[in-house]
Amino acid sequence: MYKMEVPEIPNLIYYAIPFFILTLIIEIIVSAKEKVNVYETKDAITSITMGLGNVLLGIISKGIVFTILIIIYNNLKFFTIPFVWWAWVLIIILEDFAYYWFHRISHENRFFWASHVVHHSSQKYNLSTALRQTWTGSFLSFVFWLWLPLLGFHPVMILAQMSISLIYQYWIQTELITKLPNCVEAVLNTPSHHRVHHATNPQYLDRNHAGIFIIWDKWFGTYEPEIEKPIYGLTENIGSFNPLFVAFHEWIELFKDAFTSNISLSKRLLYFIKPPGWKHDGTGKISNDLRKEWENKKGE
Ligand SMILES: [Zn+2]
Ligand SMILES: [Zn+2]
């Protein structure tokens, strides 16, 4: 019987850590020299702590996710895709497609937002913000990738590409790179596109969900170019540097909303399905409402 060679691919994130540290130090030095106020010590320490927690919890979550992917791959796959060059080209594109929808739904659905909000909870935008990662999402968000082992991509290839995508998204988390040549900005996710993603300006809300390729946002109508200066953070900032609070505050708020008020079961469930900002009594404002208000004001 044909037996496919599965290469041993180490956890690329571990290899990227020295590069993360080195570039972070360079950014601190350059921004201090240019006297641009991109760093705040407490904020950066919290971001780095969130990153460390994410990597440590990743030892558990990666084990669980890998097991689930392997079960699907071994029992349900439609094709057997070997480790060849065209398979890597395909996985770069398809994994990025999965990432786009994971990321978009993480902004448009309160349940997934409760874990993703961590990455947006800093009011600063620098390389350390890239390390500000969820402690809970890695146990949930893999559902957006389950169709890849079903198609026949080996879980080793999928997890390797997920790490490559995460590493790619590190360098774009900076204000020091303004805009890149048009041919780059047209295809790839860049610092400029990702600054828009982290901004609370109404026109920028829930825009530019790209991982590596910005084309998904352009195709699916969520692209916004960087014109106005971005104001970073959340529409309501959390005002805390406590890593435990950063990790769990939105989960607590979500469950409070869904369980403590005197409302019907269907409305309770809607809190887990509707976008962040939605309220059962119609008083809430979601990103689309804020954008519309801004557009109306602009048109006046
Ligand atoms: Zn996001
Ligand atoms: Zn980011």
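Residues numbered from 1 in each chain as written. Chains lettered and ligands numbered in written order. Predicted model: local features only at pLDDT ≥ 70, side-chain atom pairs only at ≥ 80, totals over all residues. Heavy atoms only, no water.

**Student:** Outline the pattern of salt bridges, supporting the account with residue identities and numerical values.
**Tutor:** Under the definition given, this model contains seven salt bridges. Ionic pairing is found between Glu-250 and Arg-110, a salt bridge with its closest N-O pair at 2.5 Å. Of this pair, Glu-250 sits in helix α11 (residues 243-259) while Arg-110 is found in helix α4 (residues 110-120), placing the two residues 140 residues apart along the sequence. Owing to a relative accessible area of 11%, Glu-250 belongs among the buried residues under this scheme. Classification of Arg-110 as buried rests on a relative accessible area of 5%. Connected through shared salt-bridge partners, Arg-110, Glu-250 and Asp-257 make up one network. (Salt bridge = Lys/Arg side-chain N within 4 Å of Asp/Glu carboxyl O. Helix = DSSP H or I, 4+ residues; strand = E, 2+ residues; numbered from the N terminus. Buried < 20%, exposed > 50% of the residue type's maximum accessible area, 1.4 Å probe, protein only.)

**Student:** Any details on the coordination of the zinc ion (ligand 1)? Residues and values, ideally.
**Tutor:** Coordination sphere of the zinc ion (ligand 1), protein contribution only: His-103 (NE2), His-107 (NE2), His-116 (NE2), His-120 (NE2) and His-197 (NE2), at 2.1 Å. Read N to C, the donor residues that coordinate the zinc ion (ligand 1) are spaced as H-x3-H-x8-H-x3-H-x76-H. Residue His-107 is located in helix α3 (residues 85-108), and its partner His-120 is located in helix α4; the two are separated by 13 residues in the primary sequence. Overall, His-107 belongs to the buried group, its relative accessible area being 4%. (Donors = N, O, S within 2.8 Å, 3.2 Å for Na, K, Ca; no water.)

**Student:** Could you give an account of the side chain of Asn-201, with specific residues and numbers?
**Tutor:** With respect to the helices and strands, the residue Asn-201 is situated in the loop between α9 (191-197) and α10 (215-219). With relative accessibility at 3%, the residue Asn-201 sits in the buried group. Among the polar contacts made by the side chain of Asn-201, one reaches the side chain of Glu-228 at a distance of 2.9 Å. When neighbours within four sequence positions are excluded, Asn-201 is seen to be in contact with Glu-228, Lys-229, Pro-230 and Ile-231. (Polar contact = N/O pair within 3.5 Å; in protein donor to acceptor, adjacent residues only side chain to side chain. Contact = heavy atoms within 4.5 Å.)

**Student:** Let's hear about the packing of aromatic side chains: which residues, and what values?
**Tutor:** Applying the stated criterion to the full structure yields 25 aromatic pairs. Joined through ring pairs, the aromatic side chains of Tyr-99, Phe-102, Phe-111, Phe-112, Phe-144, Trp-145, Trp-251, Phe-255, Phe-259 and Phe-272 make up one cluster. Positioned above the aromatic ring of Tyr-73 is the side chain of Lys-77, whose terminal nitrogen or guanidinium carbon lies 4.2 Å from the ring centre. If you follow Lys-218 out to its NZ or CZ, it ends over the ring of Tyr-223, 4.9 Å from the centre. (Phe/Tyr/Trp six-rings, centres within 6.5 Å; stacked < 30°, edge-to-face > 60°. Lys NZ or Arg CZ within 6 Å of the ring centre and 35° of its normal.)

**Student:** An account of helix α1 (residues 12-33) is requested, with residue identities and associated values reported.
**Tutor:** For α1, which comprises 22 residues, the first-to-last C-alpha distance of 32 Å matches the rise-based estimate of 32 Å (1.5 Å per residue) to within 8%. Of all the bends in α1, the greatest, near 30 degrees, is centred on Pro-18. Of all the positions in α1, only Ile-13, Ala-16, Phe-20, Leu-24, Glu-27 and Ser-31 are classed as buried. Buried-residue contacts for α1 involve α2 (41-76), α5 (127-131) and α7 (155-168). A positive phi of about 55 degrees marks Lys-35, the residue just after α1. (Expected span 1.5 Å × (residues − 1). Bend = angle between axes of the 7 residues up to and from the residue.)

Any functional reading would require information beyond the geometric quantities listed.
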